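Breakdown of the fold
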Amino acid sequence: MSDGPAMLSLDAELEAADLAAAVTLVMEACREVPGLPAPRGWRGDDEEAHPATEPVNKALHGVTLAFGSPHEDGAVFRGEEPRRFTFGLDSRQDDRPAAALRPTLHGMAALLTALAMRGVLRRAVVRRLEGGHCLPVLPLVEDATHLLACPVQEIEGSYTDPAPFAAGWDATEKQGALRIHRRAMEELGNPDFLRRILPTHMAMARAARPGTIRFYPPRFAEGEFAVLEAGEPTLTGIGYDASNGSYEFAGHIPSGTDLRCLDLLAAWRIASRGEIEGRPVREVRAVFMDAEQARRGAPLLRAAGVIPCWEDGTGHRRRLEGSG
């Protein structure tokens, strides 16, 4: 059984004079970088096979590359609009150990650098297709992502504070206006990948602009639930109030700690469903002992659909300003 992702998937947006130029540049780059097999041929819309040495027909709207490795799925190109093209490459693990994907992952990183140096790369992401899909989905970063290439302006437009975003990566490479970010390039196995990125991913989540974070039902690979369960609970379910249709959590995040992702997922589940055990839930609240804790928890709580509250010195519960 696999101990890592079933697949690594590279998706990129390219800019070139035409589809033939984009395909040719990618084939040249693949031949140069270690870790990826060289394309041995291509086929166009008519499905006719051509050797890689034959020029690509400029009139084509789609091209698929064939590789010499049985683990590499054919790279697919499509023209989205004039001079804009999408490029996708998948690398399957099959029954190999997770470590077998490491050269491919580094090869994908080298390919992005080579394409950026050629001036053809606009943006790209390399995702895991198993493992790590139990985190908030962030702008640009998504969730189970090893590599991200994007213009620096998009980072500034997606995060209120660039410092947590920058700290979330093990390395960042500058290529003109592009930034190529890498994280957990050596942690291919589950749950090692999740354990490696969890703290910095949640820090990026707190810095994301309001309305840009998304939660989805988690998919736990073996061992990942235990990673998220580590530490003391930060949200404890108090119960349902039928008089106003609310569900309440007691929140506790002492200085130096943060909301656990697992607790956020539990609160989001109730808020997103709008019911618990068949009873309607109008709102979900998290009540903290002081306003400072409520403020620290507010960005992620609001993203999860939870209202941050706190108790004042007289024991009255107050909604944190700006929570609606």
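As a starting point, this report considers the structure included with it. For every chain, the first residue of the written sequence is number 1, and numbering continues from 1 onward in sequence order. It should be noted that, the model being predicted, local features are given only for residues of pLDDT at least 70 and side-chain atom pairs only at 80 or more, the latter also being counted only at that level, while totals for whole chains, interfaces and linings use all residues. Only hydrogens and water are set aside when side-chain values are computed; all heavy atoms of the structure are taken into account.

1. So, the packing of helix 1 (residues 19-32) against helix 2 (residues 102-117)
Their axes nearest at 9 Å, the elements helix 1 and helix 2 cross at an angle of 130°. Classified by the angle between their axes, helix 1 and helix 2 sit oblique to one another. In terms of crossing hand, the pair formed by helix 1 and helix 2 is right-handed. Here Leu-25, Val-26, Ala-29 and Cys-30 of helix 1 come into contact with helix 2, specifically with Leu-111, Ala-114 and Leu-115. Class assignment of the residues belonging to the contact of helix 1 with helix 2 gives a composition of seven nonpolar, no polar and no charged. Angles run from 0 to 180 degrees between N-to-C directions of axes, and those axes are lines fitted to C-alpha atoms, restricted for helices to the stretch in contact. For the purposes of this entry, the term helix denotes a DSSP run of H or I that reaches at least four residues, the term strand denotes a run of E that reaches at least two, and both are numbered from the N terminus. Any angle that falls under 35 degrees is termed roughly parallel, while one over 145 is termed roughly antiparallel, one within 65 to 115 roughly perpendicular, and all others oblique. A clockwise turn of the near helix away from the far one marks a right-handed crossing, whereas an anticlockwise turn of less than a right angle marks a left-handed crossing. Only heavy atoms enter the contact rule, under which two residues are in contact if any of them lie within 4.5 Å. Charged means Asp, Glu, Lys or Arg here, nonpolar means Ala, Val, Leu, Ile, Met, Phe, Trp, Tyr, Cys or Pro, and polar covers whatever is left, Gly included.

2. Quick look at the pairing of strand 16 (residues 306-311)
In the sheet, strand 15 (residues 283-288) pairs with strand 16 via five bridges, with the strands oriented parallel. Of the residues in strand 16, the one forming a bridge with Val-287 is Cys-309. Handedness of the β-α-β unit built from strand 15, helix 8 (residues 291-303) and strand 16 comes out right-handed. One bridge is not enough; two strands pair if DSSP finds at least two bridges between them. Here three bridges tie strand 16 to strand 17 (residues 317-319), and the two strands are oriented antiparallel to one another. By the bridge assignment for strand 17, Trp-310 is matched with Arg-318. Linkage of strand 16 to strand 17, two consecutive antiparallel strands, is achieved through a turn of five residues, within which Gly-315 is found at a positive phi near 85°. By convention a crossover is right-handed if, when the strands point away from the viewer, the path from the first strand over the helix to the second runs clockwise.

3. Here we look at the packing of helix 5 (residues 192-207) against helix 8
One way to put it is that helix 5 packs onto helix 8 with a least axis distance of 8 Å and a crossing angle of 90°. On the basis of the axis angle, helix 5 is roughly perpendicular to helix 8. Seen from helix 5, the contacting residues are Met-202, Ala-205 and Arg-206; seen from helix 8, they are Arg-296, Pro-299 and Leu-300.

4. Here we look at empty space enclosed by the protein
Only protein atoms enter the 1 Å grid used here, on which a cavity is any set of points holding a 1.4 Å probe that cannot leave and a pocket is any open set flanked by protein within 12 Å on both sides along at least five of seven lines; residues with an atom within 4 Å of a point are listed as lining. Grid points are joined across faces, edges and corners, and a volume is the space filled by probe spheres set on the points. Counting across every chain of the model gives one cavity of 30 Å³ or more. The volume enclosed by the largest cavity comes to roughly 50 Å³. Taken together, Arg-206, Ile-253, Thr-257, Asp-258, Leu-259, Arg-296, Gly-297 and Leu-300 form the lining of the largest cavity. With three residues, helix 8 is the single largest residue contributor to the lining of the largest cavity. Of the residues belonging to the lining of the largest cavity, the class tally is three nonpolar, two polar and three charged.

5. As for a negative patch on the surface
On the surface, a cluster of negative charge is made up of Asp-45, Asp-46, Glu-48 and Glu-54. Structurally, Asp-45 is set in the loop between strand 2 (39-43) and strand 3 (49-51). The rule is simple: take the accessible area with a 1.4 Å probe, protein chains only, and divide by the maximum for that residue type; under 20% is buried, over 50% is exposed, in between is partly exposed. When its relative accessible area of 43% is taken as the criterion, Asp-45 is described as partly exposed. Each patch is built from residues lacking any salt bridge and having more than 30% relative accessible area; the joining distance is 9 Å for like charges and 5 Å for nonpolar side chains (Val, Leu, Ile, Met, Phe, Trp, Tyr). Residue exposure ignores everything except the shown protein chains as possible cover, and the areas themselves are Shrake-Rupley values with a 1.4 Å probe. Counted as salt bridges are all cases of a side-chain nitrogen of Lys or Arg within 4 Å of a carboxyl oxygen of Asp or Glu. Counted as positive: Lys and Arg. Counted as negative: Asp and Glu, with His and the chain ends omitted from the count. Working definition for charges: the position is that of NZ of Lys, CZ of Arg, CG of Asp or CD of Glu.

6. With respect to the sheet that holds strand 12 (residues 246-251)
Sheet architecture is open: five strands sit in the order 11-12-15-16-17, paired in mixed fashion. The open sheet has two edge strands, strand 11 (235-241) and strand 17, and neither has a second partner. Neighbour-to-neighbour, the strand axes of the sheet open up by a mean angle of 30°, direction not taken into account. In the packing of helix 7 (residues 261-273) onto the sheet, the strands contacted are strand 11, strand 12, strand 15 and strand 16, and the crossing angle to strand 12 comes to about 170°. Packing of helix 8 onto the sheet brings it into contact with strand 11, strand 12, strand 15 and strand 16, and relative to strand 16 it is tilted by some 175°.

7. Describing the side chain of Glu-248
Within the secondary structure, Glu-248 sits in strand 12. Looking at Glu-248, the relative accessible area reads 10%, which means it is buried. Here Arg-317 takes part through its side chain, which lies 2.3 Å from a polar atom of the side chain of Glu-248. The residues contacting Glu-248, other than those within four sequence positions of it, are Thr-236, Gly-237, Ile-238, Gly-239, Arg-285, Val-287 and Arg-317. Here a polar contact is recorded for every N or O atom pair within 3.5 Å, except that within protein the pair must consist of a potential hydrogen donor and a potential acceptor, and residues adjacent in sequence are included only if both atoms are side-chain atoms.

This is a description of form; function is not addressed.
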